[in-house]
Amino acid sequence: MHYFLKNSSYLVPNLFVNTENDVAFNSEFKFWAAAVIALILVCFTKLQPKIFKLKSKSWIDSLPGPKGLPIIGGLHYFRDLSKTFKILHDWTSLYGPIYRSEGIFNEPIVFLNDASHVQAILSSNHLGLVTKPVRPYDSLFGQFLKNGLLISKGKYWKSHRRTLSRAFTYQSFQGYAKLFNKFTKLLVHDLEKLFDADDEPHQISGLIHCCSLQIICGLEVCGNEEGIIFYESLHKYKIISSKRSMNPLLLFDLFWRLHPLSREYNRLINSMNNVTRKIIEKHKEAKKNDAQCRNNNEAIGNDCIMGKKPCRSMMDEMLASDMTPEEILIEINTVIAAGFESTSLTVHYMLFLLALNPEHQRVCQEEIDGVFNDPVRCENGNLTMDAVGDMKYLERCCYETLRIFPVIFMFQRKPEVAVKLDEERVLPPNTTVAISPILMHNNPEHYPEPDKFQPDRFLPENCRNRHPYAYLPFSAGIRNCIGMKFAIMESKAIAASILRHFEVSTVDKIDDVILLPSIVLTPQRDYKFHLKRRQL
Ligand code: HEM
């Protein structure tokens, strides 16, 4: 078996799992007692003026919304994370398209669910508008992704965005066809082994995650020690980050540094950095071999593109830029952290929705067969990038999946300048706003019968009259997802390879599995699938 973790449910960062075994919780009780006392003292002396200042009157104070508690604001509503999305849906029904909640220290957070309000924030090119709030971004990612693209701001962000953008053009994707083909073939092979063994339903997200991780790293990492270390560390890192972001005490830097979890957190970051450094070294080595091979005009394995200008991968673009080694390390971690699981989860959700809707699965398979049976677009089972681009029905299924399951279910901004939301409201500078695709995509005004899986919502003629900011799985504007096109191509390539070889069905229903806000939208457990080989 090609994947590194036998029990794929392990792969799901489940916050209900008791992680006490994973991390050192020694002396936690003493820590909490000391922390609570210290917190009370700090609050009464230092923080009171800040709290009162935040309570200065503005129209935001009169917005409807759930009541916060002193200091912890609205965090207590999310004690039981399995209820998060129900609570958010209830708030939206109760308070309407714009309402106010509170973060830590009762900092107001304005929830925007109206597409034109969201447009006012996201559509501007003003650098002051793309700033993200320190919380939750810093507490979730700060020590790992530092000033990487996901969190940085201003001119620094702009210059790195420009460098990385060069690696995300259609032209540079051409080189990825080879990786898509290599790793999707391994995936199909592993799935055959898994489902040939018995007639039981199986969880397959471990295998899909593995495929996506290898594509984004550009290397076979799953079977070896480095892959295991990176994956396990990322898994634990996510659990700890989520715990921290929901725990008011741990949001204080001082307490966080004293807490045993933070030592474990630093250890995990060091492990991931070590793996990333090795990946960079291997890339440099592979590049050297590749250049040598072109000079000698002889092919080394499959990795040498004879006579052609080599396509530059994301890694190549970064290595060729004027970024320092430390900056490159951070950006590569950013791309892996932002890109691999979001994409594999999308494939997981897409297969689940196609299993629930076999009539759509059949249409996809007809389209996929047409491409695989065409020797121009698919030679020896190897898809070209154009062939992946050609699968338009599958693409609509991918868009519809991201409407129903937007893996980045919420993102935030803290504009440094005032923003006119509408004729009546100007958002004061430094106000935190939360934008939630999962709430916006459920609005029947934009998506009639939002619970239904209807890929044709994304036919061009059906999109034409929809508000352009009503669909936000990748955010929008100058700070949208840099990997958007890559993610769609990769999701399609993985899903196509599975649907080409298997009929996919599931024993689960949509409400059987609770969704958790575990940084990304994560099913509490994997869906269970039956994969039956197709007669080709
Ligand atoms: C289906 C898969 C994906 C989804 C749904 C997704 C969604 C998003 C969203 C909503 C954001 C904005 C986050 C925010 O504003 O806080 C974002 C940012 C980002 N994504 Fe993706 N993403 C996906 C795949 C990828 C891939 C494959 C890569 C890289 C190869 C990637 C790299 C990034 C980076 C670097 C950022 C930060 C961009 C910036 O701030 O300038 N993402 N993504």
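The written sequence of each chain sets the order in which its residues are numbered from 1. In keeping with the predicted nature of the model, local features appear solely for residues at pLDDT of at least 70, side-chain atom pairs appear and are counted solely at 80 or more, and the whole-chain, interface and lining totals rest on all residues.

A. Spatial organisation of the overall build of the protein. For the protein, the count of helices and strands is 19 helices and twelve strands. Taking all 536 residues of the protein together, 39% fall into the buried category. For every residue pair, C-beta atoms are placed from the backbone, and the pair is scored as a contact if these atoms sit within 7 Å. In the protein, once contacts between residues fewer than 6 apart in sequence are set aside, the share between residues at least 24 apart is 76%. Secondary structure elements follow DSSP: runs of H or I of four or more residues count as helices, runs of E of two or more count as strands, with numbering from the N terminus. Exposure classes come from backbone-placed C-beta atoms, where a residue is buried if 20 or more other C-beta atoms lie within 10 Å of its own, exposed if 12 or fewer do, and partly exposed in between.

B. Region of interest: the site of the ligand. Using a C-beta atom placed from the backbone for every residue, we mark a residue as near a molecule or strand if that atom lies within 6 Å of it. In the neighbourhood of the ligand, 25 residues make up the surrounding shell, with A338, G339, F411, C481 and G483 lying closest. Counting only elements with at least two residues in the shell around the ligand, the list comes to α13 (325–356) and α19 (484–501). Gly falls in the polar group here, along with every residue not listed as nonpolar (Ala, Val, Leu, Ile, Met, Phe, Trp, Tyr, Cys, Pro) or charged (Asp, Glu, Lys, Arg). When grouped by side-chain class, the residues that make up the shell around the ligand number 15 nonpolar, seven polar and three charged.

C. Representation of the nonpolar core within the structure. Grouped together as the largest cluster of nonpolar side chains are 123 residues, with contacts concentrated most on L191, M350, L351, A495, I498 and V504. Per-element accounting of this core gives the leading share, 17 residues, to α13. For I498, the contacting residues outside a window of four places in its chain are V188, L191, L351 and V504. Among buried residues, those of type Ala, Val, Leu, Ile, Met, Phe, Trp, Tyr and Cys that are joined through C-beta atoms within 7 Å form a set called a nonpolar core.

D. Quick peek at the sheet that holds strand β8 (residues 432–435). Judged by pairing direction, the sheet is mixed, and its four strands sit side by side in the order β1-β2-β8-β5 without closing on themselves. Each end of this open sheet is capped by a strand with a single partner; those strands are β1 (98–102) and β5 (411–413). Neighbour-to-neighbour, the strand axes of the sheet open up by a mean angle of 30°, direction not taken into account. Bridge count for strand β2 (residues 108–112) against β8 is four bridges, and the pairing is parallel. Among the inter-strand pairings, L112 is bridged to a residue of β8, identified as I435. Throughout, an axis means a line fitted to C-alpha atoms (over the contacting stretch in the case of helices), and angles, computed between N-to-C directions, take values from 0 to 180 degrees. Where helix α3 (residues 115–122) meets the sheet, it contacts β1, β2, β5 and β8, and its direction lies at approximately 120° from that of β2. Two strands are said to pair when DSSP picks up at least two bridges between them.

E. Representation of helix α14 (residues 358–372). Each helix should span, by expectation, one fewer than its residue count multiplied by 1.5 Å. With 15 residues, α14 extends 20 Å from end C-alpha to end C-alpha; this agrees with the ideal 21 Å at 1.5 Å per step. Within the span of α14, buried status applies to H360, C364, Q365, I368, V371 and F372. Viewed along the axis of α14, the buried residues span an arc of 140°, placing them on a single side of the element. In this structure, α14 carries E359 and E366 as exposed residues pointing more than 90 degrees from its buried face. Those residues of α14 that are buried lie in contact with α13, β3 (378–379), β4 (382–383), α15 (385–390), α16 (392–404) and α19. Read the arc as the range of directions from the helix axis to the C-beta atoms.

F. Layout of the pairing of β8. Side chains of β8 alternate between two faces, with V433 and I435 buried and T432 and A434 left unburied. Strand direction decides the pairing type here: β5 and β8, joined by three bridges, are antiparallel. Bridge pairing in β8 places F411 opposite I435.

G. Local environment of unusual backbone geometry. Within the chain, F105 stands out as a residue other than glycine whose phi angle is a positive 60°. Within the element layout of this structure, F105 appears in the loop between β1 and β2. Look at E449: it is not a glycine, yet its phi comes out positive at around 50°. As for its placement among the helices and strands, E449 is situated in the loop between α17 (437–440) and α18 (460–463).

H. Local environment of α3. Listed as buried for α3 are H117, V118, A120, I121 and L122. Residues of α3 that are buried sit in contact with β1, β2, β5, β6 (419–420) and β8.

I. Local environment of the packing of helix α7 (residues 176–196) against helix α8 (residues 205–217). Two elements in contact, α7 and α8, have axes whose closest approach is 9 Å; the angle formed by their N-to-C orientations is 160°. One way to sum up the angle between α7 and α8 is to call them roughly antiparallel. Crossing of α7 against α8: the hand is right-handed. Only L207, C211, Q214 and I215 of α8 make contact with α7, whose side of the interface consists of L179, F180, F183, T184, L187, D190 and L191. Of the residues in the contact of α7 with α8, the class split is eight nonpolar, two polar and one charged. Here roughly perpendicular refers to angles of 65 to 115 degrees, roughly parallel to angles under 35, roughly antiparallel to angles over 145, and oblique to all remaining angles. Throughout, a crossing is termed right-handed when the near helix is turned clockwise from the far one, and left-handed when it is turned anticlockwise from it by less than a right angle.

Any functional reading would require information that these geometric values do not contain.
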